[in-house]
Amino acid sequence: MQTLSILGSTGSIGTSTIDVIARHPEQYQVYALTAHRDYQKLFKQALAVNATHAVLSDDSVRIEASDYAHSLGLNAQLHFGPAALEQVAQAEAVTTVMAAIVGAAGLLPTLAAVEAGKRVLLANKEALVMSGQLFIESANRNKATILPIDSEHNAIFQCLPHNFTYGKLADSGISKVLLTGSGGPFLTYDINAFADITPAQACAHPNWDMGQKISVDSATMMNKGLEFIEARWLFGLDNDDIDIVLHPQSTIHSMVQYVDGSVIAQMGEPDMRTPIAHALAYPQRISSGVAPLDFSQLRDFTFSTPCPDRFPNLYLALAAAKRGQSACTVLNAANEIAVAAFLAGKIGFTQIAELNRYLLAKHIDVALANIPAVLECDAQARDAARQYLQDTLC
Ligand code: NAD
Ligand code: MG
């Protein structure tokens, strides 16, 4: 029996996680669910899975949330404020933490789970992008197990040999990791019309149903850039070890190429319940509710390489990966500000890359020796991004 805290349970990944564990009540029980402020959804989930604790990180909803919990007859204990996220991530009773908060807000609670040596199912890629080596060192020091939820990284994990040692590709005869991406909704869209793309268009991903931030990141392909950095840290890869391959159908979720010419791919329907079920049950397998891939229905199976003019954000992320940690931390922060401004209708689609490029060009690389330094770097980049938005873009 695994006992879970699901951080970000009301989101896309959180909801899919509850869907999978509800299929296996004899194997998974829920200690805590968390959300930022959507208390109605959180409490309905808490009732459905009989959670012991429910956390709202935004303290400003305390009064109405408490009234609503009372009216529902909710048994779960309520907690408010970000510190409670870390507490439920570290609680003694918890074996497994699903890290599915979006963005930098997930860093401290995810690290709390890592520091407590939990089995961490990592969806919150921004946490790893921001803190890279510090995150992995903490996992090693505290004997935490990190299992990738991001579909590409989960696929790579499944395609690696069982005896794979972190960073030792040659020892396993691996020549390349092939990180696939669909190219999002604008792979063939008229590039001259990019400036007029609306948030609704950007969030309408052709294959995946996801939260708003990652949907915009997929449309700009910043998501693939963040995933490139994520893959480096998860598997100990060099920049040159990874090739990005566009595959619009999202049937293959990534591949590993070996020196003998073999390529091992992981395939399936584009449904996050597959990597979630894989990581939950690893090294066993459990059913996920995902339909089997029906090869008689697969029409196209195509591949290409991404174009820098179309996806400048991807190339900014690759440049940050070459520079080092602080550039990645800055880019992640700038991008979160830019995407929020785009979703709020304050800037256009192409200005996301403009803001990111400006912040990266302005940044002078520094070593980030500890998490307070990471948080300081993140905060400074956010301030500079807000300033640029105010002075130049809005
Ligand atoms: P989402 O927006 O649907 O959900 C985000 C969750 O985080 C919600 O529960 C929300 O309440 C919570 N949250 C938001 N801001 C918060 C804050 N400031 N403090 C505490 N909690 C906060 O996002 P999602 O699509 O589920 O993505 C979650 C993470 O998983 C992201 O890092 C994303 O990159 C990654 N991921 C998602 C998918 C997908 O298919 N959705 C795939 C791969 C990776
Ligand atoms: Mg992904």
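Residues numbered from 1 in each chain as written. Chains lettered and ligands numbered in written order. Predicted model: local features only at pLDDT ≥ 70, side-chain atom pairs only at ≥ 80, totals over all residues. Heavy atoms only, no water.

Asker: Would you take a moment to explain the domain arrangement of the chain for this structure?
Answerer: A common way to express how large an interface is: the accessible area buried when the components associate. Examined at the domain level, the chain breaks down into domain 1 (2-148), domain 2 (165-268 + 291-297) and domain 3 (324-393). The straight-line distance from the C-alpha centre of domain 2 to that of domain 3 is 23 Å. Between domain 2 and domain 3, the residue contacts involve 18 residues of the former and 14 residues of the latter. Note on domain 2 versus domain 3: buried area summed over both sides is about 1200 Å², and carbon and sulfur give 78% of it. Put simply, domain 2 and domain 3 have zero salt bridges between them. Sorting elements by how many residues they give to the side of domain 2 that touches domain 3 places helix H9 (residues 212-220) first, with six residues. Tallied by class, the residues present in the side of domain 2 that touches domain 3 amount to 13 nonpolar, three polar and two charged. (Domains from an automatic or database assignment. Contact = heavy atoms within 4.5 Å. Buried area = accessible area lost by both parts, 1.4 Å probe. Salt bridge = Lys/Arg side-chain N within 4 Å of Asp/Glu carboxyl O. Helix = DSSP H or I, 4+ residues; strand = E, 2+ residues; numbered from the N terminus. Nonpolar A, V, L, I, M, F, W, Y, C, P; charged D, E, K, R; others polar.)

Asker: Would you explain the site of ligand 1 in this entry?
Answerer: Taken together, 23 residues surround ligand 1, and among them Thr 10, Ser 12, His 36, Glu 126 and Gly 211 come closest. Within the backbone of Gly 11, one N or O atom sits 3.2 Å away from an oxygen atom of ligand 1. In this structure, Ile 13 approaches ligand 1 through a main-chain N or O atom, which is 2.9 Å from an oxygen atom. When the free accessible area of ligand 1 is taken as 830 Å², the share hidden by the protein chains comes to 86%. Broken down by secondary-structure element, the contributors of at least two residues to the shell around ligand 1 are helix H1 (12-22) and helix H6 (125-141). Both domain 1 (2-148) and domain 2 (165-268 + 291-297) contribute no fewer than three residues apiece to the shell around ligand 1. (Near = heavy atom within 4 Å. Polar contact = N/O pair within 3.5 Å; in protein donor to acceptor, adjacent residues only side chain to side chain. Areas by Shrake-Rupley, 256 points an atom, 1.4 Å probe, with all protein chains shown as cover.)

Asker: Quick question: what am I supposed to make of a nonpolar patch on the surface here?
Answerer: Residues Met 267, Phe 295, Phe 301 and Phe 303 make up a contiguous nonpolar surface patch of about 400 Å² in total accessible area. On the secondary structure map, Phe 301 appears in the loop between helix H11 (273-281) and helix H12 (312-323). The class for Phe 301 is partly exposed, based on a relative accessible area of 42%. (Patch = residues over 30% accessible without salt bridge, like charges linked within 9 Å, V, L, I, M, F, W, Y side chains within 5 Å. Buried < 20%, exposed > 50% of the residue type's maximum accessible area, 1.4 Å probe, protein only.)

Asker: Please explain the packing of aromatic side chains as it appears in this structure.
Answerer: Any pair of aromatic rings gets described here by the distance separating the centres and the angle formed by the planes. One pass over the full model with this rule turns up 12 aromatic pairs. Centre to centre, the rings of Phe 186 and Phe 349 are 5.3 Å apart; their planes meet at 75 degrees, and the pair counts as edge-to-face. Of this pair, Phe 186 sits in the loop between strand S8 (174-181) and helix H8 (199-203) while Phe 349 sits in the loop between helix H13 (325-343) and helix H14 (350-362), placing them 163 residues apart in sequence. Note on Tyr 358 and Tyr 388: the rings are 3.9 Å apart at their centroids and 10 degrees apart in plane angle, and the pair reads as stacked. Here Tyr 388 lies in helix H15 (residues 371-393) and Tyr 358 lies in helix H14, a separation of 30 residues in the sequence. (Phe/Tyr/Trp six-rings, centres within 6.5 Å; stacked < 30°, edge-to-face > 60°.)

Asker: Is there a simple way to explain the coordination of the magnesium ion (ligand 2) in this structure?
Answerer: In ideal tetrahedral geometry, four donors around a metal make angles of 109.5 degrees, whereas ideal octahedral geometry with six donors gives angles of 90 or 180 degrees. The coordination sphere of the magnesium ion (ligand 2), as far as protein atoms go, consists of Asp 150 (OD), Glu 152 (OE) and Glu 227 (OE), spread over 2.1 Å. The exposure class assigned to Glu 152 is buried, which follows from its relative accessible area of 7%. (Donors = N, O, S within 2.8 Å, 3.2 Å for Na, K, Ca; no water.)

Asker: Please clarify how the packing of helix H10 (residues 222-235) against H12 should be interpreted in this entry.
Answerer: The interhelical angle for the contact between H10 and H12, taken along N-to-C directions, is 25 degrees, at an axis separation of 7 Å. With respect to H12, the axis of H10 lies roughly parallel. As H10 packs across H12, the resulting crossing turns out to be right-handed. Residues Met 222, Lys 224, Gly 225, Leu 226, Phe 228, Ile 229 and Arg 232 of H10 form the contact with H12, whose own contacting residues are Asn 313, Leu 314, Ala 317, Leu 318 and Ala 321. (Axes fitted to C-alpha atoms, helices over the stretch in contact; angles between N-to-C directions. Parallel < 35°, antiparallel > 145°, perpendicular 65-115°, else oblique. Left-handed = near helix turned anticlockwise from the far one by under 90°.)

Asker: Would you take a moment to explain the pattern of salt bridges for this structure?
Answerer: Side chains carrying opposite charge are able to pair once their charged atoms draw close together. If you walk through the whole model with that rule in mind, you get 16 salt bridges. Asp 365 is the salt-bridge partner of Arg 323, the closest N and O atoms lying 3.1 Å from each other. Taken together, the positions of Arg 323 in helix H12 and Asp 365 in the loop between H14 and H15 put the pair 42 residues apart, joining distant regions of the chain. By relative accessible area, which is 40% here, Asp 365 ends up partly exposed. A single network of salt bridges, built from pairs that share partners, joins Lys 125, Asp 150, Glu 152, Lys 224 and Glu 227.

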